[in-house]
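Topology and contacts: notes
Next come the chains, spelled out residue by residue.
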Amino acid sequence: MPKKKTNKELLLDFIDSVKDKVSQQTQKTYLQISNTLPFNVLTTQSTIIKKLNDLYKNPNTKALYLNMIILVRRHNGEETDKLIKFRNSLRDDIIQIRKDKMSETKKELPNYNELLGKLNELKGLNYIVNYLFVKHGLRNKDINLKFVSKIPKDKEDENYLTHSKSKAQLDINDYKTDKTFGNKSIIITDKRFLQELKDLKLKDGEYLIKKKNGDKLKISSFNERILNMSIDKLGEAKIFKVLIAHLLDKKDFKRIEELVSSRGTSISTIMKSYNIYNNGDDEKKNTKLKEEIKENIED
């Protein structure tokens, strides 16, 4: 009788079959899951559901684990109908958790004018980073920029920054959703930004945020560094929520549409994940805003 394969072996076999169809980050996440699950993914569906309910309370965790389990079982010709039904049943719980978090965040966050006031008190690199968060809604990875005298034709997996007397240009190629939205080019003519950037006296090929020896930071170290640099250590996601709340209050749908492009995201993602009105108390307002945004973009 052949030896029963471990979860890791089963997952590696699945990954080998799909090759480049699953991102490296997803592969890494699934491998971590396969190493921690205390049961075999090819056991009965009822056992898997019971084990997941016993081991994990968070529905997001259960859904993540189920995604991996279902893919591996399909690859091995095992039934998945009960697992899919169970995963679907978790959606309401996941939505409620998101709404609860949004409601808590709404009470904790500063308003946009307070954010602008704190931005204007900053100088140098701290000003540059937070300006890009507050004014353009960029993510951390977008700001992992390499200063160059001229944007190269062969861009590789780098984000570039260059400037002249009248403008700065960000050429962003390596970011969270680059496979979907492609290259992002952002032009900035703000005089304060240009002066702060000029005062940094960056050299050609130098990274905006770097190691002591000048090398590019690993993304984990970069994220930690930039979180500590963000206003009140809010981080880019919370700053973006403040920005979106401000624009929704103003009904500035044109500006929201611009952020769709600069952030590299979709209206649906913004309304679901970054809209602080997305909670039970403001559900009617949220629905109306969605309709208004859709109407304005389609006009």
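What this report covers is the structure whose coordinates are included nearby. None of these values were measured; they are calculated from a predicted model. (Residues numbered from 1 in each chain as written. Predicted model: local features only at pLDDT ≥ 70, side-chain atom pairs only at ≥ 80, totals over all residues. Heavy atoms only, no water.)

1. Some remarks on the packing of helix α1 (residues 7-18) against helix α2 (residues 24-36)
Remark: α1 packs on α2, axes separated minimally by 8 Å, with the N-to-C direction vectors making an angle of 160°. Considered as vectors, α1 and α2 are oriented roughly antiparallel to each other. Seen along the crossing, α1 lies across α2 with a hand that is right-handed. Here Asn7, Lys8, Leu11, Leu12 and Ile15 of α1 come into contact with α2, specifically with Gln27, Tyr30, Leu31, Ser34 and Asn35. Within the contact of α1 with α2, the residues separate by chemical class into five nonpolar, four polar and one charged. (Axes fitted to C-alpha atoms, helices over the stretch in contact; angles between N-to-C directions. Helix = DSSP H or I, 4+ residues; strand = E, 2+ residues; numbered from the N terminus. Parallel < 35°, antiparallel > 145°, perpendicular 65-115°, else oblique. Left-handed = near helix turned anticlockwise from the far one by under 90°. Contact = heavy atoms within 4.5 Å. Nonpolar A, V, L, I, M, F, W, Y, C, P; charged D, E, K, R; others polar.)

2. Notes on the packing of aromatic side chains
Following the criterion strictly, the structure yields three aromatic pairs and no others. Seen in terms of ring centroids, Tyr131 and Phe193 are 4.8 Å apart; in terms of plane orientation they differ by 40°. Their pairing is tilted. Here Tyr131 is found in helix α8 (residues 124-136), whereas its partner Phe193 is found in helix α10 (residues 191-199), with 62 residues between them in sequence. Grouped by ring-pair contacts, the aromatic residues Tyr127, Tyr131 and Phe193 constitute a single cluster. The lysine or arginine in question, Lys184, covers the ring of Tyr175, its NZ or CZ lying 4.1 Å from the ring centre. (Phe/Tyr/Trp six-rings, centres within 6.5 Å; stacked < 30°, edge-to-face > 60°. Lys NZ or Arg CZ within 6 Å of the ring centre and 35° of its normal.)

3. Points about the nonpolar core
Judged by nonpolar contacts, the single largest core of 48 residues is most densely connected at Leu132, Ile143, Leu170 and Phe193. Ignoring anything within four residues of it in the chain, the contact list for Ile143 reads Val129, Leu132, Phe133, Leu138, Leu208, Phe222 and Ile226. Among the nonpolar cores identified, the runner-up in size contains 26 residues, and Ile15, Val18, Ile48 and Leu90 belong to it. (Core = buried A, V, L, I, M, F, W, Y, C linked by side-chain atoms within 4.5 Å. Buried < 20%, exposed > 50% of the residue type's maximum accessible area, 1.4 Å probe, protein only.)

Limitation: the analysis is restricted to geometry and does not speak to function.
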